[in-house]
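Read off the chains here:
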Amino acid sequence: NGNHIRRLTTAELARRCMPFLVAAGLVSEPVDEATFRRVEGVVALEQTRIESLQAIAEATSYFFTPTITYAAKAERMLTQAGTHEVLRAARSHLAGLPDWAVTSLEQAGQSLLADTGLAAKDAFQPARAAVTGRVASPPLFDTLHWIGRDWTLARLDLVLSGQPLPKAEAAP
């Protein structure tokens, strides 16, 4: 259960989550060291949020696939007036980063807020929705770090393109 999951080391949690990620097609076997480190970083972000190991694939799918689906709430957020301007500014701040470290991402976020005069939620929530397809995720800059530069920028570009977004299946 959730209490047991929170007591595990991140390495042990990653090891225990691996079969669920493999079964979901998010991670391929054999798992090399770089993939294990990525899984460990991602599951650490969800460790306090998931209640079962089975929940890890759904909770983290957007970290492991280049294309994602968008929940209805995220899609609504992304169609609100002014959102594309915010996302264009966010993309501009992110694209020029010399590295994709969490501290660099945080600095880009602070620069975005200073340049736009927006409150954090008004700038970061649309970015979260565009990059994860969801309105809730672990801390944004950690999330962007583990998604990676290429996938982050590609997802922002997709939203900014005006093309229809792939829709997530509604929960039963």
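What comes next concerns the included structure. Computed from a prediction, not measured in an experiment: that's the story for all the values here.

### Examining the overall build of the chain
- Along the chain, the regular secondary structure elements total 10 helices and 0 strands.
- Taking 172 residues into account, the globule formula puts the C-alpha radius of gyration at 16 Å, and the chain, at 16 Å, falls close to it.
- Along the first, second and third principal axes, the C-alpha set of the chain runs to 40 × 40 × 30 Å.
- Expressed as a percentage of the 172 residues in the chain, the buried residues total 40%.

### Some thoughts on the nonpolar core
- Counting residues in each nonpolar core, the largest one holds 50 residues, and the members touching the most others are Leu21, Val39, Phe64, Leu78, Leu87, Leu94 and Leu144.
- The contacts of phenylalanine 64, once residues within four sequence positions are left out, are Leu21, Leu26, Val27, Arg38, Val39, Val42 and Trp151.

### Some remarks on the environment of arginine 16
- Tracing the backbone through its elements, the reader meets arginine 16 in helix H2 (residues 10-23).
- The exposure class assigned to arginine 16 is partly exposed, which follows from its relative accessible area of 30%.
- Arginine 16 sits 24 residues away from glutamate 40 along the chain, and the two C-alpha atoms are 10 Å apart.
- For arginine 16, the contacting residues outside a window of four places in its chain are His4, Leu8 and Leu53.
- In this structure the side chain of arginine 16 is engaged in a polar contact, spanning 3.0 Å, whose partner is the side chain of histidine 4.

### Some words on the pattern of salt bridges
- Overall, the coordinates contain 10 salt bridges when judged by the stated rule.
- When the shortest N-O distance is used, the salt bridge between arginine 15 and glutamate 12 registers 2.4 Å. Remark: glutamate 12 and arginine 15 occur in helix H2; sequence separation between them is 3 residues, near one turn of the helix.
- Two residues, arginine 49 and glutamate 46, come together in a salt bridge whose shortest N-O distance is 3.1 Å.
- According to the relative accessible area criterion, arginine 49 is partly exposed, its value standing at 39%.

### Some thoughts on helix H8 (residues 120-132)
- Over its 13 residues, H8 runs 17 Å from end to end, which matches the ideal 18 Å to within 8%, given 1.5 Å per residue.
- For H8, the set of buried residues is Ala123, Phe124, Pro126, Ala127, Arg128, Ala129, Ala130, Val131 and Thr132.
- Following H8 by one or two positions, glycine 133 adopts a phi angle in the positive range, close to 80°.

### Quick word on the packing of H8 against helix H9 (residues 140-147)
- Axis separation between H8 and H9 bottoms out at 11 Å; the angle between their running directions is 30°. As judged from the angle between their axes, H8 and H9 are roughly parallel. For H8 against H9, the interelement crossing comes out left-handed. Of H9, the residues touching H8 (which contributes Phe124, Ala127, Arg128, Val131 and Thr132) are Leu140, Phe141, Thr143, Leu144 and Ile147.
- Residues that form the contact of H8 with H9 fall into these classes: 7 nonpolar, 2 polar and 1 charged.

Conventions adopted
- Residues numbered from 1 in each chain as written.
- Predicted model: local features only at pLDDT ≥ 70, side-chain atom pairs only at ≥ 80, totals over all residues.
- Heavy atoms only, no water.
- Helix = DSSP H or I, 4+ residues; strand = E, 2+ residues; numbered from the N terminus.
- Rg over C-alpha atoms; globule rule 2.2 N^0.38 Å.
- Buried < 20%, exposed > 50% of the residue type's maximum accessible area, 1.4 Å probe, protein only.
- Core = buried A, V, L, I, M, F, W, Y, C linked by side-chain atoms within 4.5 Å.
- Contact = heavy atoms within 4.5 Å.
- Polar contact = N/O pair within 3.5 Å; in protein donor to acceptor, adjacent residues only side chain to side chain.
- Salt bridge = Lys/Arg side-chain N within 4 Å of Asp/Glu carboxyl O.
- Expected span 1.5 Å × (residues − 1).
- Axes fitted to C-alpha atoms, helices over the stretch in contact; angles between N-to-C directions.
- Parallel < 35°, antiparallel > 145°, perpendicular 65-115°, else oblique.
- Left-handed = near helix turned anticlockwise from the far one by under 90°.
- Nonpolar A, V, L, I, M, F, W, Y, C, P; charged D, E, K, R; others polar.

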